[in-house]
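In case you want the letters, here they are:
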Amino acid sequence: MIETERLTLRPLSEDDFDAWTDFLGDAEATRTLHTPEPIREPERVLAGLRRWVAMADGAVGMYALVDRATGETVGFVGFVPRELDWGNEIELGWLVRRAFWGRGYATEAARALRPLVPGRVISMIRVTTRPQRRSPASSP
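Residues numbered from 1 in each chain as written. Predicted model: local features only at pLDDT ≥ 70, side-chain atom pairs only at ≥ 80, totals over all residues. Heavy atoms only, no water.

Participant: Got a sec to walk through the environment of Ile-39? Specific residues and values, please.
Facilitator: Within the secondary structure layout, Ile-39 lies in the loop between helix H2 (27–30) and helix H3 (42–55). Separated by 17 residues in the primary sequence, Ile-39 and Asp-22 place their C-alpha atoms 9.5 Å from one another. Aside from chain neighbours lying at most four places away, what touches Ile-39 is Leu-24, Gly-25, Arg-44 and Val-45. (Helix = DSSP H or I, 4+ residues; strand = E, 2+ residues; numbered from the N terminus. Contact = heavy atoms within 4.5 Å.)

Structure follows, in structure tokens:
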């Protein structure tokens with residue numbers, strides 16, 4: 001578990017089903033993902049959540065972002081291995097529930113996690129709105 005000024009970052013678990021469902025069911029929130037269609041079927045949401053939970057390996061994996069003041073899960077952030085045209089990379093990515101957009105949670109969480117993986121880390125962002133152009137992975 002990692003704590004920042006406003007967040008507790010803890011490993012993703014099946015306890016995150018409701019917040020995960022909220023994010024994946026929101027077409028606006030998922031439109032910039034690699035697989036942008038919303039998922040609303042509970043069995044598909046749970047199967048995907050279980051895959052992410054099982055993928056955790058040391059620092060590589062997904063973390064839930066919990067607002068320390070309210071206890072609400074605001075989103076998810078983590079490291080994902082990617083096989084890309086130019087080679088293998090580690091991506092630092094984030095999924096923030098729409099109700100919490102624009103508050104800097106992704107930046108705060110990414111800055112807290114970045115030191116966990118030495119060397120090169122990338123973030124692949126589809127630039128469609130101004131807030132998404134602020135890349136927390138590129139910040140010191």
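Participant: Tell me about the nonpolar core, and name the residues and values.
Facilitator: Burial of nonpolar side chains together is a common tendency in soluble globular proteins. Residues Leu-7, Leu-9, Leu-65, Val-77, Phe-79, Leu-92 and Leu-113 are the most contacted members of the largest nonpolar core, which totals 19 residues. Elements supplying a minimum of two residues to this core: strand S2 (7–11), strand S3 (61–67), strand S4 (73–84), strand S5 (87–96) and helix H4 (105–113). Ignoring anything within four residues of it in the chain, the contact list for Leu-65 reads Leu-7, Thr-8, Leu-9, Glu-72, Thr-73, Val-74, Gly-75, Phe-76, Val-77, Tyr-105 and Ala-109. Formed by 14 residues, the second largest nonpolar core is a distinct cluster that contains Leu-12, Ala-19, Ile-39 and Met-62. (Core = buried A, V, L, I, M, F, W, Y, C linked by side-chain atoms within 4.5 Å. Buried < 20%, exposed > 50% of the residue type's maximum accessible area, 1.4 Å probe, protein only.)

Participant: Break down the confidence of the model for the protein for me, citing the residues and quoting the values.
Facilitator: With 86% of its residues at a pLDDT of 70 or more, the protein shows a mean pLDDT of 85. Averaged pLDDT values for the elements of the protein fall to 84 in H2 and rise to 95 in S2. Here residues 132–140 scores under 50 on pLDDT; set against residues more than four positions off or in separate chains, the count is 15 contacts. (pLDDT = per-residue confidence, 0-100.)

Participant: Describe the pattern of salt bridges, and please don't skip the residues or the numbers.
Facilitator: Within the structure shown, the criterion is met by 10 salt bridges. For Asp-16, the salt bridge identified is with Arg-10, shortest N-O distance 2.6 Å. Looking at Asp-16, the relative accessible area reads 2%, which means it is buried. (Salt bridge = Lys/Arg side-chain N within 4 Å of Asp/Glu carboxyl O.)

Participant: Run through the pairing of S5, naming residues and quoting values.
Facilitator: As defined by bridge partners, S4 adjoins S5 across 10 bridges and the pair is classed as antiparallel. Of the residues in S5, the one forming a bridge with Leu-84 is Gly-87. Joining the antiparallel neighbours S4 and S5 is a turn of 2 residues. (Pairing = 2+ DSSP bridges.)

Participant: Go over helix H1 (residues 17–24), please, and point to the residues and values.
Facilitator: Among all positions of H1, only Ala-19, Trp-20, Phe-23 and Leu-24 are buried. For H1, the angular spread of buried residues about the axis comes to 130°, placing them on one side. Packed against the buried residues of H1 are H2, H3, S4 and S5. (Arc of directions from axis to C-beta.)

Participant: So what's going on with the sheet that holds S3? Which residues, and what values?
Facilitator: As summarised here, the arrangement of the 5 strands in space is S1-S2-S3-S4-S5, forming an open sheet in which the pairing is antiparallel. Each having just a single partner strand, strand S1 (2–3) and S5 make up the two edges of the open sheet. Pairing geometry for S2 and S3, over 5 bridges, is antiparallel. By the bridge assignment, Thr-8 is partnered in S3 with Val-66.

Participant: Describe the packing of aromatic side chains, and please don't skip the residues or the numbers.
Facilitator: Applying the stated rule across the entire model yields 2 aromatic pairs. The interplanar angle of 75° and the centroid separation of 4.9 Å between the aromatic rings of Trp-20 and Phe-76 together place this pair among those described as edge-to-face. Note that Trp-20 is positioned in helix H1 and Phe-76 in strand S4, a separation of 56 residues in sequence. A centroid spacing of 6.4 Å and a plane angle of 70° characterise the contact between Phe-100 and Tyr-105, whose relative ring orientation is edge-to-face. Judged by relative accessible area, Tyr-105 falls into the buried class, the value being 5%. (Phe/Tyr/Trp six-rings, centres within 6.5 Å; stacked < 30°, edge-to-face > 60°.)

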